[in-house]
Amino acid sequence: MGNAGEYVEKKGEGGGGRRRVEVPPPQPFFKSLKYSLKETFFPDDPLRQFKNQTATRKLVLGLQYFLPILKWAPRYSLEFFKADLVAGITIASLAIPQGISYAKLANLPPILGLYSSFVPPLIYAMMGSSRDLAVGTVAVASLLTASMLGQEVDAAQNPKLYLHLAFTATFFAGVFQAALGLLRLGFIVDFLSHATIVGFMGGAATVVCLQQLKGIMGLDHFTHATDIISVMRSVFTQTHQWRWESGILGCSFLFFLLLTRYFSKKKPRFFWISAMAPLTSVILGSLLVYLTHAERHGVQVIGNLKKGLNPLSVTDLIFESPYLTTAIKTGIVTGVIALAEGIAVGRSFAMFKHYNIDGNKEMIAFGTMNIVGSLTSCYLTTGPFSRSAVNFNAGCKTAVSNIVMAMAVMLTLLFLTPLFHYTPLVVLASIIIAAMLGLIDYEAAIHLWKVDKFDFVVCMAAYIGVVFGSVEIGLVIAVGISVLRVLLFVARPRTLALGKIPDSNVFRSVEQYPVAKSIPGILILEIDAPIYFTNASYLRERITRWIDEEEDKLKSSGETSLQYVILDMSAVGNIDTSGISMLEEVKKIIDRRVLTLVLSNPGGEVMKKLNKAKFLEMLGQEWIYLTMEEAVGACNFMLHSYKAKPATGESEPWSSNV
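What you are looking at is a predicted structure, and each value in this text was computed from that prediction instead of being measured. (Residues numbered from 1 in each chain as written. Predicted model: local features only at pLDDT ≥ 70, side-chain atom pairs only at ≥ 80, totals over all residues. Heavy atoms only, no water.)

### What to know about the overall build of the protein chain
Scanning the protein chain from terminus to terminus reveals 27 helices and 6 strands. Across its three principal axes, the protein chain shows a C-alpha extent of roughly 105 × 65 × 55 Å. Counting across all 658 residues of the protein chain, residues that qualify as buried make up 52%. Intrachain contacts of the protein chain at a sequence separation of at least 6 include 81% that bridge at least 24 residues. Summing over all exposed atoms, the protein chain offers an accessible surface of approximately 31000 Å²; the carbon and sulfur share of this is 62%. (Helix = DSSP H or I, 4+ residues; strand = E, 2+ residues; numbered from the N terminus. Buried < 20%, exposed > 50% of the residue type's maximum accessible area, 1.4 Å probe, protein only. Contact = heavy atoms within 4.5 Å. Areas by Shrake-Rupley, 256 points an atom, 1.4 Å probe, with all protein chains shown as cover.)

Structure follows, in structure tokens:
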């Protein structure tokens, strides 16, 4: 085909000339490795603040990094404290009944719910970077703990061993979370996509609600399985043991809780009504049982809660087989779920107040509070949405609201625990159901269906897996489908045929823009992803098919035969050796068809590797262009200048005038 240099000479007459695509200068191996590691693990460049600082200042900045309270505490004001005091007391009124309820859900002593709302919030207040997150136990993690540990140990038959395993699982969850933050591996949590979380949380909430039928119906014996079939079988095979007193009481309090939530949602300034409703339910339920002696008529109550602060549980951790594996597995799974929920909630509220939270710093804070919690009779905690939403709506200013909440729980532990003796379990079941109904986000599922059908499939797979299988099965299915989608994106990247937008120098997909016109004799293809071993073979076959289709189309229409194939490499951020081999094969295929391969706008990393692999010599520098406009212009010039000259498929030397 004609000499590309002549096109440049013509362009040069007007003072333009060709802008050559440069190969980046070589970098020392260790410098290149350092840059790659920094981009992968330190995209936020946390060490930048330490540059050009004195040793004392570096120490202060280091302490502030791990203990953010040292950064904002000196500027703390009385006005902030007033707001945090109101918020802290408000969330304490929610944390106390929820803590007791979720501990029962995890098959743990109810007092552990209060323990877990005392120590961990204090740790987070010092180390957390979110101003709005309210720390405490969560239903999904509680359900996971009960489900996974229950497969190894029966909480009813061996409560002491089960309790020690819960502490050990919490310890490993904390170690895992802190390690993710310290090693900058937070991107692992990103595999739990939004669709996965919506489906998983909805499924877990459904299962939790169904399991509360045990408390609502006043049943003594219930299945340990979490799937809907086992739960419903357990409910309806014991109809002769249903207690109408318990059912009426449970439905009444559930109606009260849902009514207060609806009112607070319609009138946001009365958010405190919904926040106070669980504690109000506990007080009213306890008074009702005490005055009517309902515990003698089938209404189950909590019973004695011992007074006092958290006892140490350092010696209770179990590191011997066969239980160690179960504790580690439970810790990792619950730890990941807790991280995903806590960080997502923290980022959501930070967005409303226009500040940023550091994901890796949050992981260190969560990990530390769970490690300390496991040593002080607490089980897994994170930042639940319901409690954080109340904290946000109550007008909290800083993490001091967590300290206020912890102090309120401390007073409860020291003086008020005997008052919970007559609290009916059916009220706790109602509190859990009311909280869980808010996690079944059907509007988000409908939105997923409208926007992305594949995300909807992921969401429903997670939901169905949890509801009809188990929490672990649902999680594995959802993450598996999400990873499969990532692999499909990489293994099957899109290739698009481009055309020229009329009256412009812009080239866009002819499918997206019907007005875009194809250039006669030139096929322009855009590769929409990096080229790796996973997609190299696919891209070779796809490019070959594009060429076949283009040649057939031109042949049937009688237009100019195909002469040039231009690959737009703008979206190809990287390429490996398999990708280079693919380009070499494509070059040979195109040569055999007496066509010419042209590259447009390859990036620096791609140029560096193509140069090292000698592909640039094989292709010829004259067939690599900085922009699509230049590539198409050169090919057009040669098509019109050499119509009579037969194509050879060989590239000619680059003009010495350039």
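What follows continues from the structure just given.
### Digging into the environment of Ala173
Locating Ala173 in the fold gives a position in helix 9 (residues 159-182). Assessed through its relative accessible area of 0%, Ala173 is described here as buried. The sequence separation of Ala173 and Lys329 amounts to 156 residues, and the corresponding C-alpha distance is 9.0 Å. Non-local contacts of Ala173, meaning those with residues more than four positions away in its chain, are made with Gly331, Thr334, Gly335 and Leu380.

### Some words on the pattern of salt bridges
In this structure the tally under the stated criterion is 12 salt bridges. A salt bridge links Lys587 to Asp591, with the nearest nitrogen and oxygen atoms 2.7 Å apart. Taken together, the residues span about one helical turn, with Lys587 and Asp591 both in helix 24 (residues 577-592) at a distance of 4 residues. Judged by relative accessible area, which is 8%, Lys587 ranks as buried. (Salt bridge = Lys/Arg side-chain N within 4 Å of Asp/Glu carboxyl O.)

### A short note on the sheet that holds strand 4 (residues 564-568)
Spatially, the 6 strands line up as an open sheet ordered 2-1-3-4-5-6, and their pairing is mixed. The two strands at the open ends of the sheet, each matched to only one other strand, are strand 2 (507-509) and strand 6 (624-625). Summarising the sheet, strand 5 (residues 596-600) and strand 6 pair through 2 bridges and their orientation is parallel. Looking across to strand 6, one finds that Leu599 is bridged to Ile624. On top of the sheet, helix 23 (residues 536-557) reaches strand 1 (495-500), strand 3 (522-527) and strand 4; it is set at about 155° to strand 3, its chief contact. (Pairing = 2+ DSSP bridges. Axes fitted to C-alpha atoms, helices over the stretch in contact; angles between N-to-C directions.)

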